[in-house]
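Structural overview for review
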4 protein chains.
Amino acid sequence: MSKTHNTWQGEAAAVVTLTFDVDAETPILAQGREYADHAMTMSHQAYGPEVGLPRILDLLDELVVPATFFVPGWVAEHRPGLAASIAERGHEVAHHSYSHRPPTSMTPQEERADFERALAVFDKQGIEILGHRAALWEATWQTGELVAEYGLRYDSSLMGDDRPYKVATAAGEIVELPVHWSLDDWEQYAFLPAPHIGSVIESPVKVLELWRAELDGMRHYGGLFNLCVHPFLSGRPGRAMALRQFIEYAQGCSDVSFARCGDLAAVAAADAGLTVRRPRPPEVDPEVYPG
Amino acid sequence: MSKTHNTWQGEAAAVVTLTFDVDAETPILAQGREYADHAMTMSHQAYGPEVGLPRILDLLDELVVPATFFVPGWVAEHRPGLAASIAERGHEVAHHSYSHRPPTSMTPQEERADFERALAVFDKQGIEILGHRAALWEATWQTGELVAEYGLRYDSSLMGDDRPYKVATAAGEIVELPVHWSLDDWEQYAFLPAPHIGSVIESPVKVLELWRAELDGMRHYGGLFNLCVHPFLSGRPGRAMALRQFIEYAQGCSDVSFARCGDLAAVAAADAGLTVRRPRPPEVDPEVYPG
Amino acid sequence: MSKTHNTWQGEAAAVVTLTFDVDAETPILAQGREYADHAMTMSHQAYGPEVGLPRILDLLDELVVPATFFVPGWVAEHRPGLAASIAERGHEVAHHSYSHRPPTSMTPQEERADFERALAVFDKQGIEILGHRAALWEATWQTGELVAEYGLRYDSSLMGDDRPYKVATAAGEIVELPVHWSLDDWEQYAFLPAPHIGSVIESPVKVLELWRAELDGMRHYGGLFNLCVHPFLSGRPGRAMALRQFIEYAQGCSDVSFARCGDLAAVAAADAGLTVRRPRPPEVDPEVYPG
Amino acid sequence: MSKTHNTWQGEAAAVVTLTFDVDAETPILAQGREYADHAMTMSHQAYGPEVGLPRILDLLDELVVPATFFVPGWVAEHRPGLAASIAERGHEVAHHSYSHRPPTSMTPQEERADFERALAVFDKQGIEILGHRAALWEATWQTGELVAEYGLRYDSSLMGDDRPYKVATAAGEIVELPVHWSLDDWEQYAFLPAPHIGSVIESPVKVLELWRAELDGMRHYGGLFNLCVHPFLSGRPGRAMALRQFIEYAQGCSDVSFARCGDLAAVAAADAGLTVRRPRPPEVDPEVYPG
């Protein structure tokens, strides 16, 4: 039933990459500087690095599972020890823009400047960066090229497949570790009226059910379960328990393995069987699709 | 308890038509050409024809069940082998507009031009077209007439019943295979912030429960279970598994049969017991209902 | 645990009034005459009187349970036999405005004219009217007075309690049979993008669970389970099955009784123990609450 | 697994503070004085103090559990006996603004005036006030300082932790009893189209599941389960039953205790192990985050 194994999968049917987007205040400030005056909203976001992150790091230690943390440069800069505290526990720290403003809202020059500024922060802190994820996943057609140009191994912002694939850019080939809305805790848990970031609060029981269903699908078809979790959301006690239960479920499946994104990207880069895509905008006739 | 059998039902209480709307990028571009610049969004849509569609075709082969694929002309044109690859597997390819812009947003001339342009694409590719579904189901009062005028057998855009019915138009009678929001995977799974296409991500477990409940209702009352699935949504591994489970459940019911839309429409056209409706706009007094 | 029985309850702990709002096209046209041009949307609404209503009438016959149908005057006028076909089956037909435009959007003169116009329609058709429900439940402070002035027994638009209560108006006392969002199928099932009438499609399994939970609460505390169902929504096969299951559940509870609204209002009017409320707008200081 | 016990927890792993926000009409009027003309909407809100509140007070008596009621000054003023009727049953009455207009929408002077006006109402009624919760939780950076300046013990509006913490302000230290969206019944139950206050109506079964999951998480990690319930929402029969079941579940856990907020704040104030936070706006470069 399932497809032929590719070497990126090793012996496993499905590979799980646990990824944590340590956004802190950035997605809120990106919607307007005035939200810095909202004390509750800022505390809602600060909970991520201050309470959720340590709890998640302890949980990963306890379950002995490696993970990848995508950190905006602004967050690493404003909380100087944060990136190092993650790296010290054996996890990967990766590039998640500087400001968390979506590339699709910037000029190419602005996107490049934001991209470089984050790299400079990590460089100054001695943190090795292997990969990148666009803010809000809102990559442009330039994004992959920046990733290649600056020598990173992989991007993790696109949704063109549910297995790793190669992206051929003008600056060379990179690996794409695709994401998806259904594997993101934001759509399940995020709620804030101002700025509006979501309007539904699901039960952890439903979220666990959803993730198990998708993992089981990937075990059947072979795929990359690239989970995206936010410490300000899933760091809450009941949700951390659901995350724990999900990891324990996956660990109990003999056909599932875990990897950090950088490690998986290295294996995938060497996999000759990987699909190569050349992302480019569709040709659009302005008479058919006006602006 | 259930109504008298009509000949369109054959021996079955409920008939299932599995339909797949292969929209690819069109519903997004229809909201603005500028979204062509959003690489992630385009990859989210390209997943449909590139990953979801082959997976679904394999699934249908495996379960030995026939289906109908509604394809916008733009998609067939930009991915030249796509329509043929569906027809070759024994499925029906049907008309789903050219651009996926809703008829209710067009002038009658524009709707006609878009309708014809899709027919020309399929004609050039040698694909026989028996039926039509309006983009977003947003048919006008002219739509059925176009379907009759161009010699198609059926339309599948209206919601006036949960059984096939005949629509009398100025250009002749056609069969309507009615749809409904509750039998569409879009409302359950679609999520994109820009453009906004939906805001809830349900678990496949809930979707399976919903579809089973509606099928059981149709087995009781007798009806057409006209399922509408999008490869960019239900092509995902966990959702494909739920689709599989739904089909297996229906196959396990001795009072359920499966049909391609075109075949069902042919049987229904010959059923003298079918309700005939003459769709026309309600008479509206502008003093009661201002614009 | 439960409160003292009032005479309106008879021997029961909870009384169920099954009410059906036969809105047809009116809630859509009230949002703009232009929607009359949307063929699918009109068919979605016409399903109510044409398919959902007969199915529901059959279901009520089969389960031998009386109900109340709130019908806008416009619907009764445009479908001449409709109100009579309901009354003939032993059910009550009640006043649901003429146009389904909400009173809070009208001037007092407009509200009165709309109110009278519906009464004239029913009068002409020989349908006795005992009670009223405001369109969208959006009553003004004048609404109850109109109900009393025109000699009706009850209103069913307010949410001030979960038991019947008396409303003292300048034109005399009427009975209020309160409604609530949680006992309305609209919030659970309604979906239309244009005009936007709702964005979630719940499973009938969830809806049954919700209604059972609320009925059990009312059996405990004593209350009026005033269910509001729309034939264009709950007339669908799977949802009609859930409605059936709910009614069967309630029928299986020895402490639950059923009543038509008019009959219940007559008993409640004679109940000296009923709370009397004198609805009036809160005193609002414009400096505290600007417009 | 769980952290070291702090003295604020006593012998328990998780402490439950049941809090009730008796908002009545204020959140609606804060969105526009014109809603005072909407009779149904006003009745929807009046249900809280008139029906929901007595039912909840009886429930708390029956289960012998203490609670805290946050009451806007406007509500206490317009319903003179309300605050006293709560205090007489042994519960705490606390400060919930005067008007329920969010502080983030006011000037500092307006926030101070609104804060003082509520205190004056309670002072006149002889109600002792120990703590404060901002309207919509929308505290500013000034809010905590006002709480300290006016000699209150605690605030309950921020989300910086899931355990009590100390907030150091220019006017002295106060205790913060943090809240969270997931422990609020508003996001689960609130529905009103105009003004729009929410769009989903969840089943009490789901809400009970959600709250149990979060309480179990807090029993594991140690935390404050600061539940926020609105009488106009959870006072409904089926929802009151779910609240009852939740309390009974918590009472059945030997590692859970209950407290009024003021009492818990007193113990927490004396806990030298409590985290101290100095809330202040993040430093924001206007070039990175424009307004």
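Scroll up for the structure.
Throughout what follows, the structure given in this document is the object of discussion. Not measured: the values here are computed from a predicted model. (Residues numbered from 1 in each chain as written. Chains lettered and ligands numbered in written order. Predicted model: local features only at pLDDT ≥ 70, side-chain atom pairs only at ≥ 80, totals over all residues. Heavy atoms only, no water.)

Here we look at the environment of Val93 of chain A
Note the threshold: Helix and strand assignments come from DSSP, with helices taken as H or I runs of at least 4 residues and strands as E runs of at least 2, each series counted from the N terminus. By definition, residues are in contact when any of their heavy atoms lie within 4.5 Å.
Residue position: Val93 of chain A is located in strand β3 (residues 92-95). Residues contacting Val93 of chain A, with those up to four places away along its chain left out, are Phe69, Val71, Ala83, Ile86, Ala87, Phe122, Ile127, Glu128 and Ile129 of chain A.

A short note on the interface of chain A and chain B
Going by this rule: Summed over both partners, buried area is the accessible surface (1.4 Å probe) that two parts give up on being assembled. A side-chain nitrogen of Lys or Arg and a carboxyl oxygen of Asp or Glu constitute a salt bridge if their distance falls within 4 Å. Counting of polar contacts relies on pairs of N or O atoms within 3.5 Å, with two restrictions inside protein: one atom must be capable of donating a hydrogen and the other of accepting it, and residues adjacent in sequence are counted only when both atoms are side-chain atoms. Ten residues, namely Ala, Val, Leu, Ile, Met, Phe, Trp, Tyr, Cys and Pro, are considered nonpolar, four, namely Asp, Glu, Lys and Arg, are considered charged, and the remaining ones, Gly among them, are considered polar.
Between chain A and chain B, the contact holds 44 residues from the first and 45 residues from the second. Interface area for chain A against chain B, summed over the two sides, is near 3800 Å², with a carbon-plus-sulfur share of 60%. On the chain A side of the contact with chain B, Trp181, Tyr221 and Tyr289 of chain A bury the most area, a combined 20% of that side's loss. The interface formed by chain A and chain B holds 3 salt bridges in total. Across the salt bridge formed by Glu214 of chain A and Arg236 of chain B, the nearest N and O atoms sit 3.5 Å from each other. Applying the counting rule to chain A against chain B returns 20 residue pairs in polar contact (both at pLDDT 80 or more). For the side of chain A that touches chain B, the class distribution of residues is 21 nonpolar, 10 polar and 13 charged.

Structural notes on the interface of chain D and chain C
Between chain D and chain C, the residue contacts involve 44 residues of the former and 43 residues of the latter. When the two sides are added together, the surface that chain D and chain C hide from each other amounts to roughly 3800 Å², 60% of it contributed by carbon and sulfur. On the chain D side of the interface with chain C, the three residues burying the most area are Arg33, Met40 and Arg236 of chain D, jointly 18% of the side's total. The tally of links between chain D and chain C comes to 4 salt bridges. There are 20 residue pairs in polar contact (both at pLDDT 80 or more) connecting chain D and chain C. When residues of the side of chain D that touches chain C are traced back to their parent elements, those giving at least two are α1 (26-29), α2 (39-63), α3 (73-78), β8 (191-192), α8 (204-221) and α10 (237-251) of chain D. The element that contributes the greatest number of residues to the side of chain D that touches chain C is α2 of chain D, accounting for 12 residues. Taken together, the residues of the side of chain D that touches chain C break down into 21 nonpolar, 10 polar and 13 charged.

Comments concerning α10 of chain D
Residue and element names in this part refer to chain D. Here is the rule: In this scheme, a helix's expected span is set at 1.5 Å multiplied by one less than its residue total. Per-residue accessibility, obtained with a 1.4 Å probe over protein chains only, is compared with the maximum for each type, and a residue is labelled buried under 20%, exposed over 50%, and partly exposed between these values.
Here α10 contains 15 residues, and its C-alpha end-to-end distance of 21 Å stays within 8% of the 21 Å for a straight helix at 1.5 Å per residue. Burial analysis of α10 places 12 of its 15 residues in the buried class, the great majority of the element. Listed as buried for α10 are Pro237, Gly238, Arg239, Ala240, Met241, Ala242, Leu243, Arg244, Phe246, Ile247, Tyr249 and Ala250.

Thoughts on the arrangement of the chains
One finds no contact between chain A and chain C; the C-alpha atoms of the two approach each other to within 11 Å at their closest. Between chain B and chain D there is no contact; the minimum C-alpha to C-alpha separation amounts to 11 Å.

Re the relation of the copies chain A and chain B
Formally: Copy-to-copy alignment: least squares on C-alpha atoms, limited to residues at pLDDT 70 or above in both.
With an RMSD of 0.0 Å, chain A superimposes on chain B once it is rotated by 90° and translated 0.0 Å along the axis. Taken together, these values place the two copies in the relation of a four-fold axis. By C-alpha distance to the rotation axis, the residue of chain A lying nearest is Val200 of chain A, at 5.6 Å.

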